[in-house]
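So the chains spell out like this:
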2 protein chains.
Amino acid sequence: MDSILIHGNDDLLGALQEAAQPTFVCTIASSDTGAIEGISIAGASADMRKYTPPADMEALFYGSARCIPGVAATPDGIPSPVIITMAALAATKLPVFVVDAGCEVPPQTPYFKLGGPPARSLVTGNAVDDVEGLYERGWHLGANLAKLTDYLILGESVPAGTTTALAVMLALGLDAEGKVSSTMIGGAHALKQAVVEQGFAAAGISKGSLAGDPLAAVRAVGDPMQAAVAGIASAASSVIPVMLAGGTQMAAVAAVMDRLGEADMSNVCVGTTRWILRDSDADMAFLAGQANCPRVYAADLDFSKARFQGMHIYEAGLVKEGVGAGGAALAALAYGGLSVDELLARIEAVYEATVLPMLRA
Amino acid sequence: MDSILIHGNDDLLGALQEAAQPTFVCTIASSDTGAIEGISIAGASADMRKYTPPADMEALFYGSARCIPGVAATPDGIPSPVIITMAALAATKLPVFVVDAGCEVPPQTPYFKLGGPPARSLVTGNAVDDVEGLYERGWHLGANLAKLTDYLILGESVPAGTTTALAVMLALGLDAEGKVSSTMIGGAHALKQAVVEQGFAAAGISKGSLAGDPLAAVRAVGDPMQAAVAGIASAASSVIPVMLAGGTQMAAVAAVMDRLGEADMSNVCVGTTRWILRDSDADMAFLAGQANCPRVYAADLDFSKARFQGMHIYEAGLVKEGVGAGGAALAALAYGGLSVDELLARIEAVYEATVLPMLRA
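Source: prediction; values computed, not measured. (Residues numbered from 1 in each chain as written. Chains lettered and ligands numbered in written order. Predicted model: local features only at pLDDT ≥ 70, side-chain atom pairs only at ≥ 80, totals over all residues.)

### What to know about the overall build of chain A
Each helix and strand in chain A was counted, giving 14 helices and 8 strands. Dimensions of chain A, computed from C-alpha atoms along their principal axes, come out at roughly 50 × 40 × 35 Å. Put simply, chain A has 361 residues, and 65% of those count as buried. Long-range pairs, those at least 24 residues apart, make up 79% of the contacts in chain A with a sequence separation of at least 6. (Helix = DSSP H or I, 4+ residues; strand = E, 2+ residues; numbered from the N terminus. Buried ≥ 20, exposed ≤ 12 C-beta atoms within 10 Å, placed from the backbone. Contact = placed C-beta atoms within 7 Å.)

Following this line, the structure appears as structure tokens:
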């Protein structure tokens, strides 16, 4: 399909196209890493960032958030990529499940509880509690879901998740410096690298020193989503294809899975957006390859001609991905059979219904 | 099948037999009603009762509980009916999901979080918080599960659940006095009735006074499981058959569903054990009929010739049902194609592996 950019073998895209009933699961978590000034713009302010993951989930279920008005947005009012996910899931009617791997504010939706409290900042070098438990409970959840669905799409909403991704990939020894994406233009690489180095010093680790113990890398400098999704995906991958739906966060999850050695990586792909795959300030495909997850598919969304100016900003390199937007869009295109123009029209309709009223308020 | 007792139309039993992939969901909750002396023997003591629901779920996932040793048991060491559910689910490999509608002690398994804290005692007349939220989130969960499975079996583990069932059925105007089952021989009807009357006085309600507002009945004198399962089952029943897997607790859930009017009751049945359907101290079928849920199927389990004396006690009228034991057993017989003797042998094996070591400890 010319609406989808394909990197690597397209077999798992074909499997999505022919799936009988794919399922969308979004894992959310928060961490004090997200409270570092300048690290993220997922949320109207650092204080509001804790509401972003639950607000995203509420929007998926109810059409708008409940813990905040409308939908989550950047400080400048650019809406969360949840508007893409909402449109794509409404078009495909995929079953939707939320996983709370450790949220400061729980969503007002049904959700799977897999974890405990939110993570500490990665600068502590001791970020995540009970990573083994998160992974184990994720494993059981994935094994059960794989009995019911023939294709699992796993999204995430974790503010500052690219910084914890960078930290974990470096701890595992990947060549990841300057290669993770960001909600921000330019990528804030220097800040992220400095934060990671602070975490490494606190944990007493160095690049590659935890290559043999991926859950220890998550425990030291990661976030709870990574352990939970690694568990869900590892269990499911031996039964059905699994799409890790996200940006460079998902390269970190794939690396954890690959190094743990309990997944069938030939059944795992990354599903994302063009804004991630073509991000000139990052290198998604290179990271995914190092994570032994060479299949990367990207929905070729183009907001430059959207009806609403507020959407054009995506083309400038802001937001890019999140809440499984790319994977959900791929489902709408490949499984749902929508054209990219039909999907764009549906995203515009969601924008009109949920974002315009916020801007006018 | 001669291993199944059938009350009413057998169409939903046929649907179970022919289902492609049934799913088992167990909803757990606790309430201070369970702390009333003499009201329940689900748990080794009133203090230990809060561990019974999580212990049951842990045993389903891991083969034995984690929050206590072995499996939950009565003060005399009679094991929880979870041993039946464990054997039946292992035989059928059904996907298993746990729903926490409000537990004092959360299970160490993956679980759906639908509710908040455990309920207050029904004697307060204000037992359950946020019943509308429980019902709504249950509804969304049921609607999503119904996209993935073609038969939903909904069990429960709620200590003192027959007392809250009695209270809700009376508030709805059902002829339920002296007709709910019990884990105890005789049924403790006088104590239950006295507790219910205390709750009615505190709530300022009388028999039938909440017939038009079933969620208000749950709020006043019910438990969180009732609202959650009513939501799950109501949403799913418009798409797929739903089996309410339990004893007279499930008659109360069916009554709530029927009076709310959002369920297709022709797609809802009760699945239970012979010990419930033939309980001479209760009247399951009469209650289910009043709840507009006339289909009641019961697994014809007979423990009188079990290899272990500890199982014979079930034939004396203790325990009887719980953790969806009857519904899971029906799945093993109708969907799994086991004979009742094969199922008994598997239950004996679970007893040998999990209960005998407890008795020897």
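### Focus on helix α9 (residues 248–260) of chain A
In an α-helix there are 3.6 residues to a turn, and that puts residues three or four apart on one side. All names here are of chain A. For α9, which comprises 13 residues, the first-to-last C-alpha distance of 19 Å matches the rise-based estimate of 18 Å (1.5 Å per residue) to within 8%. α9 sits mainly inside the fold: 12 of its 13 residues count as buried. G261 sits one or two positions beyond α9 and adopts a positive phi of about 80°. (Expected span 1.5 Å × (residues − 1).)

### Observations concerning the relation of the copies chain A and chain B
Think of it as a corkscrew move, a rotation about one axis and a shift along it, taking one chain copy to the other. Each copy superposes on the other: chain A lies on chain B with an RMSD of 0.0 Å after a rotation of 180° and an axial shift of 0.0 Å. The operation mapping one copy onto its partner corresponds to a two-fold rotation axis. Minimal C-alpha distance to the rotation axis in chain A is attained by F112 of chain A, lying at 2.0 Å. Comparing interface residues between copies, 100% of those in chain A also sit at the interface in chain B, which points to an isologous, same-surface contact. (Least-squares fit on C-alpha atoms with pLDDT ≥ 70 in both.)

### Quick notes on the packing of helix α2 (residues 52–62) of chain B against helix α3 (residues 82–92) of chain B
All names here are of chain B. Look at α2 against α3: their axes get within 9 Å of each other, and the N-to-C directions meet at 25°. By the angle between their axes, α2 is roughly parallel relative to α3. Note on packing geometry: the crossing formed by α2 with α3 is right-handed. On α3, the residues touching D56, A59 and L60 of α2 are V82, T85, M86 and L89. A breakdown of the residues in the contact of α2 with α3 according to their chemical character gives 5 nonpolar, 1 polar and 1 charged. (Axes fitted to C-alpha atoms, helices over the stretch in contact; angles between N-to-C directions. Parallel < 35°, antiparallel > 145°, perpendicular 65-115°, else oblique. Left-handed = near helix turned anticlockwise from the far one by under 90°. Nonpolar A, V, L, I, M, F, W, Y, C, P; charged D, E, K, R; others polar.)

### With respect to the pairing of strand β3 (residues 96–102) of chain A
Residue and element names in this part refer to chain A. Of all 7 residues making up β3, 7 are buried, and the element is well covered by its neighbours. As paired elements, strand β2 (residues 22–29) and β3 share 6 bridges and run parallel to each other. Looking at the pairing, I28 lines up with D100 of β3. In terms of strand pairing, β3 meets strand β4 (residues 111–113) through 2 bridges, oriented parallel. By the bridge assignment, V99 is partnered in β4 with F112. (Pairing = 2+ DSSP bridges.)

### Some remarks on the interface of chain A and chain B
Of the residues lining the interface, 19 residues belong to chain A; the matching set on chain B comes to 19 residues. Sorting the residues of the side of chain A that touches chain B by element identifies β3, β4 and α4 (131–145) of chain A as the ones contributing at least two each. If one sorts the elements of the side of chain A that touches chain B by residue count, α4 of chain A sits on top with 4 residues. When grouped by side-chain class, the residues that make up the side of chain A that touches chain B number 10 nonpolar, 6 polar and 3 charged. Two elements, β4 of chain A and strand β4 (residues 111–113) of chain B, share 3 bridges in a ladder whose sense is antiparallel. By the bridge assignment, F112 of chain A is partnered in β4 of chain B with F112 of chain B.

### Section: the nonpolar core
Ranked by internal contacts, the top residues of the largest apolar core, which has 294 residues, are M169, A233 and A254 of chain A together with M169, A233, A251 and A254 of chain B. Once residues lying within four places of it in the same chain are set aside, the contact partners of M169 of chain A are L174, A176, A251, A252, A255 and L287 of chain A. (Core = buried A, V, L, I, M, F, W, Y, C linked by C-beta atoms within 7 Å.)

### With respect to the environment of E136 of chain A
Residues and elements named next belong to chain A. Along the chain, the position of E136 falls in helix α4. You can call E136 buried: it has 20 C-beta atoms within 10 Å. Taking the C-alpha atoms as reference points, E136 and V229, separated by 93 residues in sequence, lie 10 Å from one another.

### Thoughts on unusual backbone geometry
Of note in the backbone geometry, V323 of chain A takes a positive phi value of approximately 55° without being a glycine. Take V323 of chain A: it is sitting in the loop between α12 (309–312) and α13 (325–335).

### Digging into the packing of helix α3 (residues 82–92) of chain A against helix α14 (residues 340–360) of chain A
Residue and element names in this part refer to chain A. Two elements in contact, α3 and α14, have axes separated by 8 Å at closest approach and are oriented at 120°. Looking at the two axes, α3 sits oblique to α14. As for the relative orientation of α3 and α14, their crossing is right-handed in sense. Contact residues: α3 offers I83, I84, M86, A87, A88, A90 and A91, while α14 offers L343, R346, I347, V350, Y351, T354 and V355. Partitioned by chemical class, the residues of the contact of α3 with α14 number 12 nonpolar, 1 polar and 1 charged.

### Structural notes on the environment of F303 of chain B
If you trace the backbone, F303 of chain B turns up in the loop between β8 (296–299) and α12 (309–312). The sequence separation of F303 of chain B and A332 of chain B amounts to 29 residues, and the corresponding C-alpha distance is 17 Å.

### Quick notes on the environment of V355 of chain A
Relative to the helices and strands, V355 of chain A resides in helix α14. In sequence terms V355 of chain A and A227 of chain A are 128 residues apart; their C-alpha atoms lie 33 Å from each other.

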